[in-house]
Amino acid sequence: MTARSTALLAWAIVLAGCIVVIARLRVDTDMAAFLPRSASPAQRVLVDEVRDGVLSRLVLLGIEGVSPDQAVTISKRMAATLREEPRFSAVENGEEAGFARDRDFLWSHRYVLSDAITADRFTEAGLHMALEHDLAELGSAAGFLVKDMLPGDPTGEMPHLLFQQRQGNGGGPDRSRGVWFSPHDGRALMLIRLRAAGSDIDGAQRALTAIHAAFHQASGETAARLQVTGPPVFAVEARDRIKSDAARLSMLAAVLVATALLLVYRSPRVLALSFVPVVTGALAGVAAVGLAFRQVHGITLGFGSTLIGEAVDYAVYLFTQTGPASPVEQTIRRIWPTLRLGVLTSVCGFAAMLLSSFEGFVQLGLFTIIGLLTAACVTRWVLPALLPAHFAGVRQPPAMTAIATIAARLRRYRIGVPVMVLAAIGTLAMDRGPFWAGDLTSLSPISPAAQRLDRSLRQDMKVPGDGVLIVVRRPDQEAALQAADRLSALLSPLIARKALSGFDTPTRYLPSLATQRARQAALPDPALLRTNLDQAMQGLPFQAGLFVPFVAAIAAARTAPPLTAADLDGTSLSLRLDSLLQHQRDGWVAVLSLRGVTDPSAIRQAIAAEPGAAYVDLKTESDRLLSTYLREGVTLACLGAGAIVLLLAASLRSATRLLLVMAPLVASVVMTLAILRLGGHALSIFNLFGLLLVVAIGSNYCLFFDRQRGDAEDLPRVLSSLLLANGCTVAGFGVLALSSTPVLHGLGMPVAIGTLFSLLFATILMTPAHAR
């Protein structure tokens, strides 16, 4: 078998293997892949909640554009329809029916839920005090409520629980005409919890479709508008945007590159052959990611447009530098050492992504490294086998030759490069704006308009809490609830000291088994209770036999089975419990949500008595999380750049040549930074990786100039090939700047700008003095 046949057979086997792997792959669009793995227990809470917490399943609705009466009617119709849907575990709109379920639950379990239950509460003195309080309440404005509950609850456990519930939910949304209604925005409000996990985007899509269908059915021909927000909405919109970007940008990059190459090659066959390394590299990259991760992210596929921009350069170098005096085999042997070194520098740049704590970045790095290595191998061994034996290269169009000739004369303006760099440094030094993106929204694919709507609806819903939590992790549910009990006891005295105004705890909805047993043990037996009650009623105007329901309720509560989370199903309290008590892979997490925090140090000092309890300020932790990964980005970018410098130093073996190769790259990075800052862009970790790629890709141009330092005669042809290759790279990365996905936009813009400067500065600084 000849070398040509061997190369083609190996290529066919690789293609077949890649297609088999890709056919079984699942495309993932969960943006949590581009959230970092947390660096601390507090930050882990934040990332876990974003990934798959209870809040990731909540959808907020606003019905507007019609009169209040119409909005209320639509809200009630929608709620009735959606409560029949198995896709939703809770549908709340403030209707009395929902409150009735909650009140029934609280009433039925008031003697294990109330934290006021003690044995002293049912003594003669305790009961007498409670009855005197009842008399005072009967004469108040709320007397009609006390009168209804008095026979079965003279100790006031139910009012106490209702007060705690109002405290726990911050008062809840405003109500009008029997449903939640925002008087400020004139819209009816709803809160829906999906059964699907936060990571189940297909389930979220089906649920949102059901919500819109219910709205259209309920609103009929009215002008009502449905506003929808929440993590499931963001996840579905992000997936659609990512899929759209992946298809649109890859197609646009391919069209731009193909058009440019066709204008130069003027041969459809040569154009098709130019994409052989690109397609093979892309298939190999996707297959490698699939084998490593069992799935491929949609952004990784969108990043394929960058592979088009760079991998097609290899074929460009081969075709444009082949000529009658330099056949294909001779050309590939001549340019292969330079091309190989250029590929390795790009690999060093992308290899930094493999060390990232962002799983998505690891996928991008692996995809591009395997893709570029495969594309280079295909260019070296497969393309020569596919080209016709008489192929004599691509004739340079006069326009390309003229541009190359003009570019070669730019050497006389070398002094302009340090002047531009100094001006850029001065611009950066005088810049007083924020240099780095200051919060996690810089990583978010959510549009500003969607973020504003989300804030507006959350304000209308009066979502409780200040984003300050106490978090404790235990191996089982009972241990987590007992820890929450102890933390509640530690926090309660701080309310009187004004360190905080209140808190919500999972034990308010599901006490620990130990607490339930203790409260049941505090309940007296019926005979003793009747005796104490009769004595306590002495001198008070209560009829004999009025409190028979109370005695019966105490008797039933003493022997009732323990309360479980399943008992809360069908109530809105279940939603609150699930948000405060979460089962995760490594155990159970109890969360206490704090309000009105004024003295964080006092709270931290108090909870130190509970081992493993963490004070979490979500805003502070999100900023700290971003800062941690910006430092990671700087470190990885420096490691990647250092690896490139070491590789070039080992290959060039000359300090002078190394400095000459690095000078255009450093200048292009500085200029790119200045342009980004002048455009008002605060730098993100995505921009950092983009600047690293500027060095990796730009080094290819510098290396070809370095190779021509002793052969200036052929410089116009080489420069023509570099111009064409650079145009393809700028097109491939430039289209990413059009993406609304921050990952792609943040990578594409600096690389498109920086690689253009890299070629310009390499041409000015590295063109030989005797070049024509």
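For the structure, see preceding data.
Residues numbered from 1 in each chain as written. Predicted model: local features only at pLDDT ≥ 70, side-chain atom pairs only at ≥ 80, totals over all residues. Heavy atoms only, no water.

Comments concerning the overall build of the protein
The line we're drawing: Working definition: helices are DSSP H or I runs of at least four residues, strands are E runs of at least two. Numbering for both runs from the N terminus. Burial classification: accessible surface area is computed with a 1.4 Å probe over protein chains only, and a residue below 20% of its type maximum counts as buried, one above 50% as exposed, and the rest as partly exposed. Residue contacts follow a heavy-atom distance rule, with two residues in contact if any of their heavy atoms lie within 4.5 Å.
A count of helices and strands for the protein gives 29 helices and 13 strands. Relative to its 772 residues, the protein shows a buried fraction of 54%. In the protein, 83% of the contacts between residues at least 6 apart in sequence involve partners at least 24 apart.

Let's talk about the packing of helix α26 (residues 655–678) against helix α29 (residues 742–766)
Let me state the cut-off plainly: Axis lines are fitted through C-alpha atoms, for helices just across the contact stretch, and the angle between N-to-C directions can take any value from 0 to 180 degrees. Note on angle classes: values under 35 degrees are labelled roughly parallel, values over 145 roughly antiparallel, values of 65 to 115 roughly perpendicular, and the remainder oblique. Two helices cross in a left-handed way if the nearer one is turned anticlockwise from the farther one by less than a right angle. They cross in a right-handed way if the turn is clockwise. For this classification, the nonpolar set comprises Ala, Val, Leu, Ile, Met, Phe, Trp, Tyr, Cys and Pro, the charged set comprises Asp, Glu, Lys and Arg, and every other residue, Gly included, is treated as polar.
Taken N-terminus to C-terminus, the directions of α26 and α29 make an angle of 140 degrees; their axes are 8 Å apart at the nearest point. Considering their axes alone, α26 and α29 lie oblique with respect to each other. Seen along the crossing, α26 lies across α29 with a hand that is right-handed. Residues Leu660, Val661, Ala663, Pro664, Leu665, Ala667, Ser668, Met671, Thr672, Ile675 and Leu676 of α26 lie in contact with α29, whose contacting residues are Met749, Pro750, Ile753, Gly754, Phe757, Ser758, Phe761, Ala762, Leu765 and Met766. Grouping the amino acids of the contact of α26 with α29 by side-chain chemistry returns 17 nonpolar, four polar and no charged.

With respect to the packing of aromatic side chains
Filter applied, for reference: Pairing of aromatic side chains here covers Phe, Tyr and the six-membered ring of Trp, requires ring centres within 6.5 Å, and sorts the geometry by plane angle: under 30 degrees stacked, over 60 edge-to-face, intermediate tilted. By definition, being over a ring means that NZ of Lys or CZ of Arg is both within 6 Å of the ring centre and within 35 degrees of the ring normal.
A full pass over the atoms with the stated rule returns seven aromatic pairs. Seen from their ring centres, Tyr111 and Phe550 are 6.4 Å apart, and the 50 degrees between their planes marks the pair as tilted. With Tyr111 in helix α5 (residues 110–113) and Phe550 in helix α22 (residues 548–559), this pair connects stretches of sequence that are 439 residues apart. Here the aromatic residues Tyr111, Phe122 and Phe550 are joined through ring pairs into a cluster of three or more. The residue whose ring lies beneath Arg110 is Trp107, and the NZ or CZ to ring-centre distance is 3.8 Å. Just above the ring of Trp336 sits the side chain of Arg380; from NZ or CZ to the centre is 5.9 Å.

Section: the nonpolar core
Operational definition: Joining through side-chain atoms within 4.5 Å is the link that ties buried Ala, Val, Leu, Ile, Met, Phe, Trp, Tyr and Cys residues into a set, and such a set is a nonpolar core.
Leu261, Tyr265, Tyr317, Phe319, Phe361 and Leu648 are the most contacted members of the largest nonpolar core, which has 108 residues in total. In terms of residues, this core owes the most to one element, helix α27 (residues 685–707), which gives 15 residues. In this structure, Tyr317 is in contact with Ile335, Leu339, Asn700, Tyr701, Phe704, Ser721, Leu722 and Ala725, ignoring residues within four places of it in sequence. Residues Val468, Ala484, Leu500 and Leu592 belong to the second largest nonpolar core, which totals 44 residues.

Focus on the pairing of strand β11 (residues 581–584)
For clarity, the threshold we go by: The criterion for strand pairing is that DSSP finds at least two bridges linking the strands in question.
In this sheet, strand β12 (residues 587–595) lies alongside β11 in antiparallel orientation, the contact comprising four bridges. By the bridge assignment for β12, Gln584 is matched with Gly587.

So, the environment of Phe215
When you line up the elements, Phe215 lands in helix α9 (residues 201–219). Given a relative accessible area of 5%, Phe215 falls into the buried group. Remark: the alpha-carbon pair of Phe215 and Met78, spanning 137 residues in sequence, is separated by 6.0 Å. The residues touching Phe215, leaving out its near neighbours within four places in the chain, are Ile63, Ile74, Met78, Ala224, Arg225 and Leu226.

Some words on the environment of Pro86
Structurally, Pro86 is set in the loop between α3 (68–82) and β3 (88–92). Distance from Pro86 to Leu194, taken between C-alpha atoms, is 9.2 Å for residues 108 residues apart in sequence.

With respect to a nonpolar patch on the surface
Convention followed: The patches described consist of residues with a relative accessible area above 30% and no salt bridge, like charges being joined within 9 Å and nonpolar side chains (Val, Leu, Ile, Met, Phe, Trp, Tyr) within 5 Å. Note on areas: Shrake-Rupley, 1.4 Å probe, and residue coverage restricted to the protein chains presented here. Within this document, salt bridges are pairs made up of a side-chain nitrogen of Lys or Arg and a carboxyl oxygen of Asp or Glu, the two lying within 4 Å of each other.
On the surface, Leu252, Leu256 and Leu738 cluster together into a nonpolar patch covering about 250 Å² of accessible area. On the accessibility criterion, Leu256 (39% relative accessible area) is partly exposed.

What about the side chain of Ser488?
Tracing the chain through its elements places Ser488 in helix α19 (residues 477–496). Sequence-distant contacts of Ser488, defined by excluding residues within four places in its chain, comprise Phe503, Thr505, Thr507 and Leu592.

Observations concerning the pairing of β3
Among the five residues of β3, four are classified as buried, and the element is accordingly described as predominantly covered. Two strands pair when backbone bridges link them, and β3 and strand β6 (residues 187–194) are joined in this way by four bridges, in the antiparallel orientation. Each bridged residue has a counterpart across the sheet, and for Val91 the counterpart in β6 is Ile192.

Some remarks on the pattern of salt bridges
Opposite charge on two side chains makes pairing possible when the charged atoms of those side chains draw close. Tallied over the entire structure, the rule returns 14 salt bridges. Ionic pairing is found between Arg225 and Glu64, a salt bridge with its closest N-O pair at 3.5 Å. Placement of Arg225 in strand β7 (residues 225–229) and of Glu64 in strand β2 (residues 58–64) is noted, with a sequence separation of 161 residues between them. Look at Arg225 and you get partly exposed, because its relative accessible area is 46%. Note on Glu64: relative accessible area 11%, which makes it buried. Note that Asp454 is salt-bridged to Arg458, the shortest N-O span being 3.0 Å. With Asp454 and Arg458 both in helix α18 (residues 448–461) and four residues apart, this pair spans about one turn of that helix.

Topic: unusual backbone geometry
With a phi angle near 55 degrees, Arg266 is a residue other than glycine that sits in the positive phi range. For Arg266, the position within the fold is in the loop between α10 (231–265) and α11 (268–293). The backbone phi angle of Arg294 is positive, close to 70 degrees, even though this residue is not glycine. Classification of Arg294 by relative accessible area gives exposed; the value is 69%.

As for the side chain of Ser75
Mapped onto the secondary structure, Ser75 falls in helix α3. In contact with Ser75, not counting residues within four places along its chain, are Ile63, Asn93, Val179, Ala188, Leu189 and Met190.

As for the packing of α11 against helix α15 (residues 359–386)
Packing of α11 against α15 brings their axes to within 7 Å, and their N-to-C directions diverge by 140 degrees. The pairing of α11 with α15 is recorded here as oblique in orientation. Of the two possible hands of crossing, α11 and α15 adopt the one that is right-handed. Class assignment of the residues belonging to the contact of α11 with α15 gives a composition of 18 nonpolar, seven polar and two charged.

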